[in-house]
Amino acid sequence: PNLEVKKEDALRLENFYGTCIILSFHSAAVIFEQLCLLYALPRMRARNFRIILPWFSTGTMERVEKIGQIATASSLARMLSATPPCPTGPSTVVIYDIHALQE
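Here is what the cut-offs are and how they apply
Residues numbered from 1 in each chain as written. Predicted model: local features only at pLDDT ≥ 70, side-chain atom pairs only at ≥ 80, totals over all residues. Heavy atoms only, no water. Buried < 20%, exposed > 50% of the residue type's maximum accessible area, 1.4 Å probe, protein only. Helix = DSSP H or I, 4+ residues; strand = E, 2+ residues; numbered from the N terminus. Pairing = 2+ DSSP bridges. Right-handed = clockwise from strand over helix to strand, strands pointing away. Core = buried A, V, L, I, M, F, W, Y, C linked by side-chain atoms within 4.5 Å. Contact = heavy atoms within 4.5 Å.

Caption draft 1: Expanded view of the pairing of strand β1 (residues 19-22). Residues of β1 alternate between two faces, with Thr19 and Ile21 buried on one and Cys20 and Ile22 left unburied on the opposite face. Here four bridges tie β1 to strand β2 (residues 49-53), and the two strands are oriented parallel to one another. Bridge pairing links Thr19 to Phe49 in β2. Following the backbone out of β1, through helix α2 (residues 28-43) and into the adjacent parallel β2, one traces a crossover that is right-handed.

Caption draft 2: Looking closely at the nonpolar core. The biggest cluster of nonpolar side chains holds 17 residues, and the ones touching the most others in it are Ile21, Leu23, Phe25, Leu38, Phe49 and Leu80. Secondary-structure elements contributing two or more residues to this core are α2, β2 and α3 (72-81). If one sorts the elements of this core by residue count, α2 sits on top with four residues. Discounting residues that sit within four places of it in the chain, Leu38 has contacts with Ile21, Leu23, Phe49, Ile51, Leu80 and Thr83.

What follows is the structure in structure tokens.
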């Protein structure tokens, strides 16, 4: 896909105190586009970069129970961890589990 951040928006990123992006990994079709944006914003000098992920869609796929099965949660977590650092340091990733049982 041909993704673009408007030039005036990219220039303003460096002047903001902080940049926050809310991601939605609800389907595989949107993950690539959002990861591209996620990796590009620190290179555009976004400061105090915070990533909000309301739901980690692959969160239940962290165990391999049979030969050949792939732990997709681990793969997606590695992709999030590969986010480049911003000028003010590493990005903060916040994951909310809205499906957790309430006590």
